[in-house]
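Residue-level structure breakdown
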Amino acid sequence: MTLLAVVPLDAQQGPGQIRVLAPGATREDLILGRLYAAADSANPRLRAADARARALEAQAVTTTRPPDPRLQLGWMNRELPGLGPMNPLGMTQLQVMQMLPTAGKLGLAARAARTRASGAEFRARDVAWEVRAAVAAAFYELYRVERAVAIARETRQLMENVAAVADAMYRVGEAPQADVLRARVEVARMTEEIVVMEAMRQVALARLGGLLDQSFDDATPPAALPLFPAELPPHTDLGKL
């Protein structure tokens, strides 16, 4: 399993941040803040958007300059195989060319290039928020599936206890065999549901791994929610969360 880039829980950027893990969680669990940090540095879509923005910004600098001069060297009317000049038509040409744009063309081209670079930068920011939204959706789906699996396992344990009690009562003749069979059917049904939900966890992990450009397996720690504050921070701090 590829490990996530760990961001210390106390390395927050402003007041109002959630700093404490929920009871029972550990620092090795999947935390949404760590997933955000990993996506910001490793998501392929976000990296491509950033690279495009940087490329357009670099191109905008060159648009303020006239085109580079061109040097052209040519031979005409040469004989093979020695490439000697044919008399009297053989010649060697050397040309130097410089394109001069019309007045105002460079300024307009620079404005257009800067506008494209600015648009690409804003698009990269939009992609960053879209990626974070996708990471959050995948994280909470993973959390939901893991909690459902935990509840299903507890329910199956209860059904196994009921089946054991029904079997014991059947052995002493105090319960019909149908009760034992029903209890065992419920245990089998819960086992099947757990298998399905564990497969759903693998799907959620694969979706999250695709967003982070990382691989996850069965040994991946569970998703853990932070300990949310009892009240919202001041409105002046909401933009820093």
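For the structure, check the block above.
No experiment lies behind these values; they were computed from the predicted model shown.

**Re the side chain of Asn43**
Looking at the element boundaries, Asn43 is found in the loop between helix H1 (32-42) and helix H2 (44-62). Within polar-contact distance, the side chain of Asn43 engages the backbone oxygen of Leu211 at 2.6 Å. Among all residues touching Asn43, those that are not within four sequence positions of it are Ala38, Val131 and Leu211.

**Focus: the environment of Leu205**
Counting through the fold element by element, Leu205 comes out in helix H4 (residues 177-212). Separated by 13 residues in sequence, Leu205 and Asp218 place their C-alpha atoms 9.2 Å apart. Leu205 has contacts with Leu142, Phe216, Asp217 and Thr220, leaving out every residue within four places of it along the chain.

**Brief notes about the nonpolar core**
Membership of the largest hydrophobic core comes to 23 residues, with the highest contact counts inside it found for Leu35, Val135, Phe139, Leu142, Leu208 and Leu212. At the level of elements, H1, H2, helix H3 (105-171) and H4 are the ones that each hand at least two residues to this core. Sorting elements by how many residues they give to this core places H3 first, with 8 residues. Setting aside its immediate chain neighbours within four residues, Leu142 contacts Leu30, Arg201, Ala204, Leu205, Leu208 and Ala223. Ranked by size, the runner-up nonpolar core spans 6 residues in total, among them Val149, Ala152, Met190 and Met197.

**Details of a nonpolar patch on the surface**
Taken together, the side chains of Leu71, Leu73, Trp75, Leu94 and Val96 make up a nonpolar region of the molecular surface, amounting to roughly 630 Å² of accessible area. At the level of secondary structure, the elements contributing two or more residues to the nonpolar patch comprise strand E1 (70-76) and strand E4 (91-97). Ranked by residue count, the leading element in the nonpolar patch is E1, at 3 residues. With respect to the element layout, Leu71 can be found in strand E1.

**Description of the packing of H2 against H3**
Where H2 contacts H3, the two axes come as close as 8 Å, and the packing angle between them is 165°. Taken together, the axes of H2 and H3 lie roughly antiparallel to each other. The hand of the H2/H3 crossing is left-handed. Judged by residue contacts, Arg45, Leu46, Ala49, Asp50, Ala53, Leu56, Glu57 and Ala60 of H2 engage Ala113, Arg114, Arg116, Ala117, Ala120, Glu121, Arg123, Ala124, Val127, Ala128, Glu130 and Val131 from H3.

**Brief notes about the pattern of salt bridges**
Counted under the stated rule, the structure contains 12 salt bridges. For Arg171, the salt bridge goes to Asp167, with nearest N and O atoms at 2.9 Å. In this pair, Arg171 and Asp167 both sit in helix H3, 4 residues apart, roughly one turn of the helix. With relative accessibility at 66%, the residue Arg171 sits in the exposed group. Arg184 is the salt-bridge partner of Asp167, the closest N and O atoms lying 3.2 Å from each other.

Conventions adopted
Residues numbered from 1 in each chain as written. Predicted model: local features only at pLDDT ≥ 70, side-chain atom pairs only at ≥ 80, totals over all residues. Heavy atoms only, no water. Helix = DSSP H or I, 4+ residues; strand = E, 2+ residues; numbered from the N terminus. Polar contact = N/O pair within 3.5 Å; in protein donor to acceptor, adjacent residues only side chain to side chain. Contact = heavy atoms within 4.5 Å. Core = buried A, V, L, I, M, F, W, Y, C linked by side-chain atoms within 4.5 Å. Buried < 20%, exposed > 50% of the residue type's maximum accessible area, 1.4 Å probe, protein only. Patch = residues over 30% accessible without salt bridge, like charges linked within 9 Å, V, L, I, M, F, W, Y side chains within 5 Å. Areas by Shrake-Rupley, 256 points an atom, 1.4 Å probe, with all protein chains shown as cover. Salt bridge = Lys/Arg side-chain N within 4 Å of Asp/Glu carboxyl O. Axes fitted to C-alpha atoms, helices over the stretch in contact; angles between N-to-C directions. Parallel < 35°, antiparallel > 145°, perpendicular 65-115°, else oblique. Left-handed = near helix turned anticlockwise from the far one by under 90°.

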